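Below, each chain spelled out in residue letters.
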Amino acid sequence: MTAHHSDLVVLGGGSAGYAAAIRAAELGRSVTLVEKDKLGGTCLHRGCIPTKAILHAAEIADAVRDASSVGVAATFEGIDVAGVTAFREGIVAKKFAGLTGLIKARGITVVTGEGRLVVDDDGPAVAVGEDTYRGADVLLATGSHTRTLPGIEIGGRVLSSEEALALAEVPASVIVLGGGVIGVEFASAWRSMGAEVTIVEALDHLLPAEDISSSKALERAFRKRGIVSRLGSRFASVSQTDAGVTIVLADGSELSADYLLVAVGRGPSTAGMGFDEAGVALERGFVSVDERLRTSVPHVWAAGDIVPGLQLAHRGFQQGIFVAEEIAGLGPVMVAEHTIPRVTYSHPEVASVGITEAAARAAHGDAVAVSEYNLAGNGRSEIIGTGGIVKIVRLVDGPVIGVHLVGDRVGELISEGQLAVAWEAHPEDIAPYVHAHPTQSEALGEAFLALAGKPLHAL
C-alpha cells in the first residue's frame, strides 16, 4: 500500500468537491481530488447542463411553431433526436474540457477510482484501491443519486432522469411520476417536442415547495399547453410490456403511456464509502454537520447534496468554497439557506428566493405585506410572448423576505431578488433605482414600487 499526503483530500469531483479543490489550491494548499467517474459530477454530465441543453432545444421548437405569430415564415418539421443529442453532448464536452483544464492549471492532483473514507490514529484519509491519500483535512462531497419508490424498478420503459437523457426518441406519450423540479422540467421539454404528457404528483400542487401563487401559475400555464396534471394522486403499482407502461394509482385508476419517468427526488450518496465505519454521524443517509460544515469526526468536513438542505449545484459551489476558506482560517460567512436562489427551467420558468407568503404569515402573522405584478403589464414579456407573475413578500415597515417569479427567462432575474432578501433591503430602498426599459426586470421594479406605496404601471 502506497501512502500519499496533501493538505486537503476531497472525495467527490462534483460541484461542491471541485469548487473546494480550486479554492483551496488558490489559497496555497496542496489538494488531491478523488472521483470515480468524471470531474463535474451529476450536474455537468447527467443533470443541470444536459437537461438545460434539451430545454433550450425545446424552446427553439416552440419558437418555430409560433414563428408566424410574429411575421416569420417557418415550418416545424419535427425533432432530430440525434441532432439534439449531439448538441447536448457538445455542450457537456466543452464544459468538461474547460473544467479539466482549470483543475490541471491549479496543480490539483486528480485520482480516478472509488474512494473510501478511513480514519485511524494518523487522522483521516481516503483509500483508493491499494493506495491511501491522507490529508490534514478531508472533505466528503460524494453527491446524490436518483431515488425511486417501493415497487418501482428502473429499467425498460421505466426511466430515471439518466435513462430519459439517453432516450433515442421523443415518446408519443409519457407519464411523469413526481411534480418537483426534475419532473416538471422533463414534462415541459417533452411537451414542446410533441409528446402527450401526464404528471402524477402525490401532493396538491406542482412544485409544492414553491409559493402557492407560483405553483398555481405554473399549473395554469401547463394546462394551456396541454400538459395533464394529476394532483393529490398517489402511486400504487406499475407494469410494463414491450409496447408500453401502465401505472395504477391509489384510487384504482389506471394510466398508460409509452414510458414512465420516475422523478421523485434524489438521495444522498453516502452508502458503502466507509462513512459509518469511520464514525461520521448520518441521519437518513445525510451527513450530519454543524454550522461550519464539520462532521462528527475531527478534520472531516462535508458539503453539497450529502448535507441536509437544498440539493442545488450552486449551493454546492458555495459550500465547497466555504470549507476551503474555513480550513484556511479566513472565517468565511455561511450563506443562509433561505437566501439561495431556486430556479425551475420549465416553460414558463419558476424562480424564487427567501420564504413563501404562507411561511411568512405563519411566522409573522399580519405583519406581512405582499405585492403581485402580472407580466401582462410588462412590455418585454409581451414581446417575447410570456405570461407570469412577480410576487414580493415583505414585513410591514420591514425588509423584503421573499421573491417569487413565474415566466420565461425569469431565472435571469432572481439574482436581484437574492440581493434584496440577503441584504434585508426595504422596498423603499429599492424603489428609487431605475430598471432599464423595456426589460423584464421592470416587473420586479414595479412590484417594489407598489410595496413602497407608489405603484406606476399597476393599480
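Residues numbered from 1 in each chain as written. Predicted model: local features only at pLDDT ≥ 70, side-chain atom pairs only at ≥ 80, totals over all residues. Heavy atoms only, no water.

Participant: I'd love a proper account of the side chain of Thr142, names of residues and values included.
Facilitator: Within the secondary structure, Thr142 sits in the loop between strand E6 (131-140) and strand E7 (144-146). Engagement of the side chain of Thr142 in a polar contact is seen with the backbone oxygen of Ser269, the distance being 2.6 Å. Not counting residues up to four positions away in its chain, the partners in contact with Thr142 are Leu11, Ser269, Met273, Phe275 and Ile306. (Helix = DSSP H or I, 4+ residues; strand = E, 2+ residues; numbered from the N terminus. Polar contact = N/O pair within 3.5 Å; in protein donor to acceptor, adjacent residues only side chain to side chain. Contact = heavy atoms within 4.5 Å.)

Participant: Help me get a handle on the environment of Ile108, residues and values and all.
Facilitator: Of note, Ile108 is situated in the loop between helix H4 (81-105) and strand E3 (109-112). As for Ile108 and Ala25, which are separated by 83 residues in sequence, their C-alpha atoms are 7.0 Å apart. Apart from the residues within four sequence positions on either side, Ile108 is in contact with Ala21, Ile22, Ala25, Val31, Leu33 and Ile103.

Participant: I'd love a proper account of unusual backbone geometry, names of residues and values included.
Facilitator: Residue Pro348 is reached from His347 by a cis peptide bond, and omega for that bond is 5 degrees. Between His437 and the following residue, Pro438, the backbone shows a cis peptide bond with an omega angle of -5 degrees. Mapped onto the elements, Pro438 comes out in the loop between helix H13 (427-430) and helix H14 (441-451). Of note, the phi angle at His299 is positive, near 65 degrees, even though the residue is not glycine. Mapped onto the secondary structure, His299 falls in the loop between strand E18 (286-287) and strand E19 (300-302). Relative accessible area serves as the criterion here: at 47%, His299 is assigned to the partly exposed category. The phi dihedral of Arg409 is positive, around 70 degrees, even though this residue is not glycine. Tracing the backbone through its elements, the reader meets Arg409 in the loop between strand E24 (400-406) and helix H12 (414-422). (Buried < 20%, exposed > 50% of the residue type's maximum accessible area, 1.4 Å probe, protein only.)

Participant: Describe the nonpolar core, naming the residues involved and giving the relevant values.
Facilitator: Leu139 and Leu140 are the most contacted members of the largest nonpolar core, which has 45 residues in total. Broken down by element, this core gets its largest block of residues, 7 residues, from helix H1 (residues 15-26). Sequence-distant contacts of Leu140, that is, excluding residues within four places in its chain, are made with Leu11, Leu117, Phe275, Val280, Val300, Trp301, Ala302, Ala303 and Ile306. Core analysis: the second largest hydrophobic core is formed by 32 residues, Leu165, Ile199, Leu207 and Ala263 among them. (Core = buried A, V, L, I, M, F, W, Y, C linked by side-chain atoms within 4.5 Å.)

Participant: Mind laying out the sheet that holds strand E8 (residues 158-159), listing which residues take part and the relevant values?
Facilitator: If you walk across this open sheet you meet the 5 strands as E8-E15-E9-E10-E11, and the pairing is parallel. With partners counted over all chains shown, the strands left at the sheet margins are E8 and strand E11 (228-231), one partner each. Packed on one face of the sheet, helix H6 (residues 181-192) meets strand E9 (173-177), strand E10 (196-201) and strand E15 (259-262) and runs near 165 degrees to E10. (Pairing = 2+ DSSP bridges. Axes fitted to C-alpha atoms, helices over the stretch in contact; angles between N-to-C directions.)

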